[in-house]
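Reading the structure
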Amino acid sequence: MTSALDREFAPLQTALNLRAQRQQLLSANIANASTPGYKAVDLDFSAAFKAVLSGQRTGAVALTTDQPRQLPGAAAPVGSNFIAYQAGNAVRLDGNSVDMNREQAEFQKNSIQYEADLTFVTGKIKTLTSAITGN
């Protein structure tokens, strides 16, 4: 059974998790910019976010539990189905498709969006705290 707080914060938690996952992918692309044969990947954030909110399976495989005190988990990160090779990047002679200008721009953009989501969560928590304490 989920509480009202869980339902209120679930979309925000999903957004932060997907943004963090995308940041890891973009970081891996940057780190492998000189690796021969490396193909750049990215996460389609908006499609993954919409799918998670609509209740679709998005790559996470639920782990089974056999005791009521065990916590449920997932074997793959949420949104894994929406990770794909980047289209349109030029492939160098060594087979690498990382475009550093694009990667750095997307990394910075995703960082700003993560910070914005985090600021929104912080604001919600402050509002709830204010409502509870009466200040």
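See the structure above.
Conventions used here
Residues numbered from 1 in each chain as written. Predicted model: local features only at pLDDT ≥ 70, side-chain atom pairs only at ≥ 80, totals over all residues. Heavy atoms only, no water. Helix = DSSP H or I, 4+ residues; strand = E, 2+ residues; numbered from the N terminus. Phe/Tyr/Trp six-rings, centres within 6.5 Å; stacked < 30°, edge-to-face > 60°. Salt bridge = Lys/Arg side-chain N within 4 Å of Asp/Glu carboxyl O. Buried < 20%, exposed > 50% of the residue type's maximum accessible area, 1.4 Å probe, protein only. Core = buried A, V, L, I, M, F, W, Y, C linked by side-chain atoms within 4.5 Å. Contact = heavy atoms within 4.5 Å. Axes fitted to C-alpha atoms, helices over the stretch in contact; angles between N-to-C directions. Left-handed = near helix turned anticlockwise from the far one by under 90°. Nonpolar A, V, L, I, M, F, W, Y, C, P; charged D, E, K, R; others polar. Expected span 1.5 Å × (residues − 1).

All right, on to the environment of methionine 100 then. Here methionine 100 lies in helix 3 (residues 100-133). Sequence separation between methionine 100 and alanine 33 is 67 residues; the distance between their C-alpha atoms is 7.1 Å.

A few words now on the packing of aromatic side chains. Taken as a whole, this structure holds 1 aromatic pair when the rule is applied. On the numbers, 5.6 Å between centres and 10° between planes, the contact of phenylalanine 45 with phenylalanine 49 is stacked. Taken together, the positions of phenylalanine 45 and phenylalanine 49, both in helix 2 (residues 45-53) and 4 residues apart, correspond to about one turn of that helix.

Once the charged atoms of two side chains with opposite charge are near each other, the side chains can pair. Following the criterion strictly, the structure yields 7 salt bridges and no others. The salt bridge involving lysine 124 is made with glutamate 8; its shortest N-O contact spans 2.3 Å. Taken together, the residues lysine 124 in helix 3 and glutamate 8 in helix 1 (residues 4-31) connect sequence positions 116 residues apart. Linking glutamate 106 and arginine 22 is a salt bridge whose minimum nitrogen-to-oxygen distance equals 2.6 Å. Of this pair, glutamate 106 sits in helix 3 while arginine 22 sits in helix 1; the two residues are 84 residues apart in sequence, bridging distant segments of the chain. Arginine 22 shares its class with glutamate 106; the two are buried. Salt bridges here are not isolated pairs; linked through shared partners, they connect Arg22, Asp42, Arg102, Glu103 and Glu106.

With 11 residues, the main nonpolar core is built from Ala15, Leu18, Leu25, Ala33, Tyr38, Ala40, Val41, Leu43, Phe45, Ala48 and Val98. Ranked by the residues each element gives to this core, the list is headed by helix 1, at 3 residues. With near-sequence residues (within four places) excluded, tyrosine 38 lies in contact with Ala28, Asn29, Asn32, Gly95, Asn96, Ser97 and Val98.

What follows concerns the packing of helix 1 against helix 2. Geometry of a packed helix pair, given as the angle between the helix axes and the separation of the axes. At a minimum axis separation of 10 Å, helix 1 and helix 2 run at an interaxial angle of 145°. Helix-helix and strand crossings are classified by hand; for helix 1 and helix 2 the assignment is right-handed. The segment helix 1 lies against helix 2, with Pro11, Thr14, Ala15, Leu18 and Arg19 engaging Phe45, Ala48, Phe49, Val52 and Leu53. Its residues assigned to classes, the contact of helix 1 with helix 2 shows 8 nonpolar, 1 polar and 1 charged.

Helix length check: helix 3 (34 residues) gives 49 Å between terminal C-alpha atoms against 50 Å at 1.5 Å per residue, within 8%. Taken as a whole, helix 3 has its buried residues at Glu103, Glu106, Asn110 and Val121. Contacts made by the buried residues of helix 3 are with helix 1.

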